Structure formats: C-alpha cells, structure tokens
Amino acid sequence: RFVRPSQLLTTVVFGGSARGAALQSSVLSWQRAAELSCDRAALLVVQEPRVVQAVVMKLVGGSRRFGGALNVEAFVAQAAEYDEVSGGSRTGKMVRRQQLERATHPLPILRARELERWAASPEYARLLARGTPLKVPVAPDARAAAAPVA
C-alpha cells in the first residue's frame, strides 16, 4: 500500500491510532495553509490578484488547448458561490468538511477566494507600503504567460 508523505509520520509513529489521525489532520491542515502562504507570496511579487488567480485556474485546467476558454472572473465568482452554498446549511458545512478532511491541497476556488480576501486586507496593504517595488526586467514571453485570460 502506498503511503503519502503527509501520512508517513502518523502511520509510523502512531500506527493508525486516534492520536495518529489527529496528527495527520493537523499535518494536512498545515500543508494546505502552506500552499495558501505560497499564493500570498506570489501576490506580493506580482501585486495583481487576478494574475495569481489566473495561474491557479490554469494549473487546475491543465491543458493549453483550453487556456483561451478559461475566465478568471467566472472562477472568482464560483468561489463566492461555493462559500454561500457550503456555509449556508448544515449539509453544506458537512460536505465542505468532508472535502477537506484528507485533502493535501486547498480547493482551487478556495485559493482564489483567499487571494481575493488577502488582497483587500490591511495586512497586505501594510506589506506593500513597507517597501518600494523593484523594477525587474521581464522577458515579453513571460509577461504573456502570466497575463490573465479574458
């Protein structure tokens, strides 16, 4: 049986006990939070939420063939709708909990939503105000690759 890295510690140390399950849950939660931190770091570099959200969306879409058909605004709207549906009822909350229980990564639409929230936060504004953006030369093909899809 294949053991994921996030399960290795709990399987080896606790042998599948309740403490092991709790530890595994904590490690997975940390792993998801670390990915959101990486998204925040990307936003600090790019300083344009839609660009980072477009990258997340393109990573999920997976194919260059569909890249032109992806819509960042619809992706972000889907995140807001997910919040409404999953937080509005007991069933929605239960489904959301089930989706995240053993997930190693946050749902892509949740990543988009968190980027939106953080870009509007005072913490993000304070970090941007602390320094002057560097003018780093970027190759034209790199700009095109990071451009949001309309």
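All figures in this text were calculated on a predicted structure; none of them were measured in a lab. (Residues numbered from 1 in each chain as written. Predicted model: local features only at pLDDT ≥ 70, side-chain atom pairs only at ≥ 80, totals over all residues. Heavy atoms only, no water.)

Peer 1: What am I meant to see in the overall build of the protein here?
Peer 2: On a plain count of helices and strands, the protein comes out with 8 helices and 0 strands. For the protein, the N- to C-terminal ordering of α and β elements is α-α-α-α-α-α-α-α. The contacts in the protein between residues at least 6 apart in sequence include a share of 64% that link residues at least 24 apart. For the protein, the computed accessible surface area is about 10200 Å², with 61% contributed by carbon and sulfur atoms. (Helix = DSSP H or I, 4+ residues; strand = E, 2+ residues; numbered from the N terminus. Contact = heavy atoms within 4.5 Å. Areas by Shrake-Rupley, 256 points an atom, 1.4 Å probe, with all protein chains shown as cover.)

Peer 1: Got a minute to help me understand the confidence of the model for the protein in this structure?
Peer 2: Do not read the predicted coordinates in detail wherever pLDDT is low. The predicted model of the protein averages 77 in pLDDT, with 73% of residues at 70 or higher. Ranking the helices and strands of the protein by mean pLDDT puts helix H6 (residues 108-119) first, with 90, and helix H1 (residues 5-14) last, with 53. (pLDDT = per-residue confidence, 0-100.)

Peer 1: For this particular structure, what's the right way to read the pattern of salt bridges?
Peer 2: Two side chains carrying opposite charge are able to pair once their charged atoms lie near each other. Across all of its chains, the model carries 6 salt bridges by this definition. Arg 111 is paired through a salt bridge with Asp 39; the nearest N and O atoms lie 2.6 Å apart. Residue Arg 111 is located in helix H6, and its partner Asp 39 is located in helix H2 (residues 18-46); the two are separated by 72 residues in the primary sequence. By relative accessible area, Arg 111 is classed as buried at 13%. Arg 113 is the partner of Glu 114 in a salt bridge, and the nearest nitrogen-oxygen pair spans 2.5 Å. (Salt bridge = Lys/Arg side-chain N within 4 Å of Asp/Glu carboxyl O. Buried < 20%, exposed > 50% of the residue type's maximum accessible area, 1.4 Å probe, protein only.)

Peer 1: What am I meant to see in the packing of helix H3 (residues 49-61) against helix H4 (residues 72-87) here?
Peer 2: At a minimum axis distance of 10 Å, the contact between H3 and H4 shows a crossing angle of 85 degrees. The angle between the axes of H3 and H4 places the two elements in the roughly perpendicular class. Within the contact between the two elements, H3 uses Arg 50, Gln 53, Ala 54, Val 56 and Met 57 and H4 uses Val 72, Glu 73, Phe 75 and Val 76. Here the residues of the contact of H3 with H4 sort into 6 nonpolar, 1 polar and 2 charged. (Axes fitted to C-alpha atoms, helices over the stretch in contact; angles between N-to-C directions. Parallel < 35°, antiparallel > 145°, perpendicular 65-115°, else oblique. Nonpolar A, V, L, I, M, F, W, Y, C, P; charged D, E, K, R; others polar.)

Peer 1: Would you take a moment to explain the side chain of Arg 113 for this structure?
Peer 2: Looking at where Arg 113 falls in the secondary structure, it is placed in helix H6. A distance of 2.5 Å separates polar atoms of two side chains, one belonging to Arg 113 and the other to Glu 114. Once residues lying within four places of it in the same chain are set aside, the contact partners of Arg 113 are Ala 79, Asp 83 and Arg 96. (Polar contact = N/O pair within 3.5 Å; in protein donor to acceptor, adjacent residues only side chain to side chain.)

Peer 1: Would you explain the side chain of Asp 39 in this entry?
Peer 2: According to the relative accessible area criterion, Asp 39 is buried, its value standing at 7%. Leaving out residues up to four positions away in the same chain, Asp 39 has contacts with Val 52, Val 56, Arg 111 and Leu 115.

Peer 1: Would you mind going over a nonpolar patch on the surface with me for this structure?
Peer 2: A cluster of nonpolar residues, Leu 44, Leu 127 and Leu 128, forms a patch on the protein surface that exposes about 200 Å² of accessible area. By the secondary structure assignment, Leu 44 is in helix H2. Judged by its relative accessible area of 31%, Leu 44 is partly exposed. (Patch = residues over 30% accessible without salt bridge, like charges linked within 9 Å, V, L, I, M, F, W, Y side chains within 5 Å.)

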